[in-house]
Amino acid sequence: SMLRKLLNRNLLILFGCQTIFVSGTVVLITVGGIIGHLLAPDPSLATLPVALMVVGTALTTIPAALTMQAIGRRYGFMVGAFVAFTGAWFVSQALAEQSFLVFCLGTILMGSSLGFSQQFRFAAAESVPAEVVSHAISFILLGSIAGAFAAPAIIGYSAGQNADAPYAAAFPVVMGLYVVAVLLMFGIYTTTASAVEESQRSRAFTAFLRQPKFITAVLAGMIGQGVMTYVMTATPISMNVSIGFSIEQTSSVIRAHVIAMYLPSLITPWLISRLGLSRVMLMGTACLAVTLAVGLAGQHYLHYWISMAMLGVGWNFLFVSGTTMLTQTYRPDERFKAQATNDFSVFATSATASLLAGSVLHTFGWSWLLITALPALVLMLIAIVWVRGAPIRASG
């Protein structure tokens, strides 16, 4: 019966769209720092394009939520796919013209489209009964696993097309995928809050923001996504440029990381129902601590592989538990405000982290990059202890 609740048309379409958006994103993350290194006027700017991708996401979270509120999920998601298509087109132009500036423009646009696609998980949560929300969110995230396998395949195909311009063919393929996403999106039906719920008077937004549960939910997203982006942005450059691992080795570590981000979604809902949200947040924080410890232990291939895998698992536990906790804090009429506030906070943090990553790596090196992520984990622990002690207020 759980499956019957989950496998509705919306969820299957959102699953397909998630796959497409993740494959485009992972292609960009894997080769973005390296292309940045080739095109940048200065090596410290190598991670700027990937950082700008996350900046694009942060800047679009609020406009995306407002767009969805105005024209509905289906057409809102189409706008996102169109933005993604345009971004991929700019990236392929940038490679043809060897232009760092055009490359940055393309990455900002591809990032901006993620402000829209981040809402897939909320659209999924709204398409199912309340008791299977964490399953719906996890199901959408599982769509990412296919994307994690597709991306290295696309990069490999591209490298085989032209050895002199190994990444040139990748982005036209990605553009084609975004066109498929638009066609899929025609099938989405919008689930709306009933008129009765809409007519309830909204509570003051500040009262809403002060809920310990809301603050902890947002923090779980900010720290999970922030630490993940910080370490992941630096990894391809640390591996490929600083130490000299091949692009295949680097790509396989990123793939392991992306699979580790999404594969736990098979068990996360079960863990949440067995252990509760705050314990799963605690497990996520512990995984991130392991990431830093293994990364500090050495820089062999296996160190990178294990620490990036643990980074993915930690992100999953924090992100799914954070999103699930978030859906318990707002009424249907408050959903766009709450979702926009959450995603803006999460991706603004993530953008800051990715902007810092390149310069911290360049100036202080890999070990200091890892050490500087520690305070975030301490903050997360404090929030978990606080929310466990806080009285549960009715969310309605």
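Above: the structure in question.
Residues numbered from 1 in each chain as written. Predicted model: local features only at pLDDT ≥ 70, side-chain atom pairs only at ≥ 80, totals over all residues. Heavy atoms only, no water.

Caption draft 1: Region of interest: the overall build of the protein. From N to C terminus, the protein includes 17 helices and zero strands. In terms of overall size, the protein behaves like a compact globule, its C-alpha atoms giving a radius of gyration of 20 Å where 396 residues would be expected to give roughly 21 Å. Along the first, second and third principal axes, the C-alpha atoms of the protein reach 60 × 45 × 40 Å. When the 396 residues of the protein are sorted by exposure, 59% land in the buried category. For the protein, the computed accessible surface area is about 15,500 Å², with 69% contributed by carbon and sulfur atoms. The averaged location of the 11 negative side-chain charges in the protein is 15 Å from the averaged location of its 18 positive side-chain charges. (Helix = DSSP H or I, 4+ residues; strand = E, 2+ residues; numbered from the N terminus. Rg over C-alpha atoms; globule rule 2.2 N^0.38 Å. Buried < 20%, exposed > 50% of the residue type's maximum accessible area, 1.4 Å probe, protein only. Areas by Shrake-Rupley, 256 points an atom, 1.4 Å probe, with all protein chains shown as cover. Lys, Arg positive; Asp, Glu negative; His and termini not counted. Charge placed at Lys NZ, Arg CZ, Asp CG, Glu CD.)

Caption draft 2: Geometry of helix α4 (residues 100-117). For α4, spanning 18 residues, the distance from its first C-alpha to its last is 26 Å, which sits close to the expected 26 Å at 1.5 Å a residue. Of all 18 residues making up α4, 14 are buried, and the element is well covered by its neighbours. (Expected span 1.5 Å × (residues − 1).)

Caption draft 3: Layout of a nonpolar patch on the surface. On the surface, a nonpolar cluster with roughly 500 Å² of combined accessible area is contributed by Leu296, Phe364, Trp368, Ile371 and Leu374. Secondary-structure assignment places tryptophan 368 in helix α16 (residues 366-371). (Patch = residues over 30% accessible without salt bridge, like charges linked within 9 Å, V, L, I, M, F, W, Y side chains within 5 Å. Salt bridge = Lys/Arg side-chain N within 4 Å of Asp/Glu carboxyl O.)

Caption draft 4: Seen up close, the environment of glycine 80. Within the secondary structure, glycine 80 sits in helix α3 (residues 48-97). In this structure glycine 80 comes out as buried when scored by relative accessible area, which is 0%. C-alpha of glycine 80 to C-alpha of threonine 329: the two residues are 249 residues apart in sequence and 27 Å apart in space. Contacts of glycine 80, omitting those with residues within four sequence positions, involve Phe21, Ser113 and Phe116. (Contact = heavy atoms within 4.5 Å.)

Caption draft 5: Looking closely at helix α13 (residues 277-297). If you check α13, its first and last C-alpha atoms are 31 Å apart, about what 21 residues at 1.5 Å a residue would give, namely 30 Å. Here α13 has its buried residues at Leu277, Ser278, Val280, Met281, Gly284, Thr285, Cys287, Leu288, Thr291, Leu292, Val294 and Gly295. Those residues of α13 hidden inside the fold are in contact with α10 (212-243), α12 (268-275), α14 (301-327), α16 and α17 (374-389).

Caption draft 6: Spatial organisation of the packing of helix α6 (residues 133-161) against α12. At a minimum axis separation of 8 Å, α6 and α12 run at an interaxial angle of 155°. When the axis of α6 is compared with that of α12, the two are roughly antiparallel. As α6 runs across α12, the sense of the crossing is right-handed. Where α6 abuts α12, its residues Ser134, His135 and Ser138 lie against Thr268, Pro269 and Ile272. Partitioning the contact of α6 with α12 into residue classes produces two nonpolar, four polar and no charged. (Axes fitted to C-alpha atoms, helices over the stretch in contact; angles between N-to-C directions. Parallel < 35°, antiparallel > 145°, perpendicular 65-115°, else oblique. Left-handed = near helix turned anticlockwise from the far one by under 90°. Nonpolar A, V, L, I, M, F, W, Y, C, P; charged D, E, K, R; others polar.)

Caption draft 7: How the structure looks around the packing of aromatic side chains. The final tally for this structure, using the stated rule, is ten aromatic pairs. Ring geometry for tyrosine 262 against tryptophan 315: centres 5.5 Å apart, planes inclined by 80°, an arrangement best described as edge-to-face. In this pair, tyrosine 262 is assigned in helix α11 (residues 247-262) and tryptophan 315 in helix α14, connecting sequence segments 53 residues apart. No difference in accessibility class separates tyrosine 262 from tryptophan 315, as the two residues are buried. (Phe/Tyr/Trp six-rings, centres within 6.5 Å; stacked < 30°, edge-to-face > 60°.)

Caption draft 8: Fine view of the pattern of salt bridges. The tally for this structure, following the rule as stated, stands at four salt bridges. Arginine 121 serves as the salt-bridge partner of aspartate 343, at 2.9 Å between the closest nitrogen and oxygen. With aspartate 343 in helix α15 (residues 335-364) and arginine 121 in helix α5 (residues 120-126), this residue pair connects regions lying 222 residues apart in the sequence. Residues joined in a network through salt bridges with shared partners are Arg73, Glu126 and Arg335.

Caption draft 9: Quick peek at the nonpolar core. In this structure, Phe21, Phe171, Met185 and Met380 are the most contacted members of the largest nonpolar core, which totals 124 residues. Tallying contributions element by element places helix α2 (residues 9-39) first for this core, with 15 residues. If near-sequence neighbours (up to four positions away) are discounted, methionine 185 is found in contact with Ile13, Cys17, Phe21, Arg74, Phe77, Met78, Ala81 and Phe120. Grouped together as the second largest cluster of nonpolar side chains are six residues, Val54, Ala58, Val346 and Phe347 included. (Core = buried A, V, L, I, M, F, W, Y, C linked by side-chain atoms within 4.5 Å.)

Caption draft 10: Examining the packing of α2 against α10 more closely. Interaxial distance between α2 and α10 falls to 9 Å at its minimum, and their mutual angle equals 60°. Taken together, the axes of α2 and α10 lie oblique to each other. In the crossing of α2 with α10, the sense of the turn from one axis to the other is right-handed. Residue-level contacts link Ile29, Thr30, Gly33, Ile34 and His37 of α2 to Met232, Pro236, Ile237, Asn240 and Val241 of α10. Here the contact of α2 with α10 is built from residues that sort into six nonpolar, four polar and no charged.

Caption draft 11: A look at the side chain of serine 278. Tracing the backbone through its elements, the reader meets serine 278 in helix α13. Within the local environment of serine 278, its side chain forms a polar contact with the side chain of arginine 388, the two groups lying 2.9 Å apart. Not counting residues up to four positions away in its chain, the partners in contact with serine 278 are Ile384, Val387 and Arg388. (Polar contact = N/O pair within 3.5 Å; in protein donor to acceptor, adjacent residues only side chain to side chain.)

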